[in-house]
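Coordinates in review
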Amino acid sequence: MSEAVLISRDAAVATITLNRPEKRNALDLSLRAAIAAAVTELEKDPAILAIVITGGNEVFAAGADLNLLADKGSQDVAEIDLGQYWAPLAKAQKPVIAAVSGFALGAGCELVMMCDMIVADSTARFGQPESRVGIMPGAGGTQRLIRAVGKAVASMMLMSGEAITGERAYQLGLISDLAEDGQALLRAQQLAKSASKMPPKAIRAIKRTLATGADLPLDAALNLENREFLLLFDTDDKTEGMTAFLEKRKAVFTGK
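All of the points below concern the structure found in this document. (Residues numbered from 1 in each chain as written. Predicted model: local features only at pLDDT ≥ 70, side-chain atom pairs only at ≥ 80, totals over all residues. Heavy atoms only, no water.)

**A short note on the environment of Thr254**
Selection rule: Counting from the N terminus, the helices are the DSSP runs of H or I reaching at least four residues and the strands are the DSSP runs of E reaching at least two. Summary of the burial criterion: residues with accessible area below 20% of their type's maximum are buried, those above 50% are exposed, and those between are partly exposed, where the area comes from a 1.4 Å probe applied to protein chains only.
Structurally, Thr254 can be placed in the segment after helix H11 (236-246). For Thr254, a relative accessible area of 52% translates into the label exposed. Placed 53 residues apart in sequence, Thr254 and Lys201 show a C-alpha to C-alpha distance of 9.7 Å.

Here it is, written out as structure tokens:
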């Protein structure tokens, strides 16, 4: 595994730490590839049931490394195919939680928004300042942002380049939880631990329903939800979970 990221494991939870501090975790191709490889590895590891991504206590990721893009034309950027590096994360079936302290800007903010949950502290700053260098977000920074915070705030962030604080992000619903300063990673790992104890098939069904249903008309989304709901009644984990609840004991899920 590349030294551009560090991976640690604690029971069923793995933590990926972006490891380019001298560049404020600017996302060059090597770091993007390392993130993709780490997520792919952990997705395949049956012992890991939840993933945390962090940049550390000082910065999450300050954006794309402009050395990668400054001299490129549209065809050059298309051939790099930046989307290939985000695909493993966007398609991950296990819960992925971002722990954010400091700047999460541009591609860093897009990376955060690909995660299922986001935990931040008051030092966090979320922004999409790409317009300041003559471009716009290209990995979900407009579409995920408008769905999270609405058109008015998304327009402000995208057109003025201004970032919002961790507190504002929490008020707007961009992030899942606001931790005490310096505690974002710990809180994210706590949530990951909770998620890792849930039956995997139920978690995957929830992820599919959230990912697909959000862009469907309500009737279609409800039908999707009902179909996933019914399918879970044919799983061993549903029988174990309900039986354990009725018997007032801790459930032992097998993922079947």
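Back to the write-up after that little detour.
**Considering the pairing of strand S4 (residues 96-100)**
Quick reminder of the rule: Paired strands, in this sense, are two strands between which DSSP finds at least two bridges.
Across the 5 residues that make up S4, a large majority, 5, are buried. Because side chains alternate across S4, one face comprises the buried residues Val96, Ala98 and Val100, and the other comprises Ile97 and Ala99, equally buried. Relative to S4, strand S3 (residues 50-54) is paired through 4 bridges, and the arrangement is parallel. Note that in S4 the partner of Thr54 across the bridge is Ala99.

**Concerning the environment of Leu89**
Basically, it comes down to this: By definition, residues are in contact when any of their heavy atoms lie within 4.5 Å.
Among the secondary structure elements, Leu89 is positioned in helix H3 (residues 83-90). Considering only alpha carbons, one finds Leu89 and Ala104, 15 residues apart in sequence, at a separation of 17 Å. Among residues more than four places away in sequence, those in contact with Leu89 are Val39, Ile53, Val96, Leu111 and Met114.

**Observations concerning the side chain of Glu110**
To keep things clear, this is the line we draw: Within this scheme the basic residues Lys and Arg register as positive and the acidic residues Asp and Glu register as negative, but His and the chain ends are omitted. The term salt bridge refers to a pairing of a side-chain nitrogen on Lys or Arg with a carboxyl oxygen on Asp or Glu at a separation within 4 Å. Side-chain atoms alone can form a polar contact between residues adjacent in sequence; in general such a contact is a pair of N or O atoms within 3.5 Å, and within protein one must be able to donate a hydrogen while the other accepts it.
Structurally, Glu110 is set in helix H4 (residues 107-113). No salt bridge is formed by the buried Glu110, whose closest oppositely charged neighbour, Arg32, lies at an N-O distance of 6.5 Å. Among the polar contacts made by the side chain of Glu110, one reaches the main-chain amide nitrogen of Ala139 at a distance of 2.7 Å. Look past the residues within four positions of Glu110 in its chain and what remains in contact with it is Gln128, Glu130, Pro137, Gly138, Ala139, Gly140 and Gly141.

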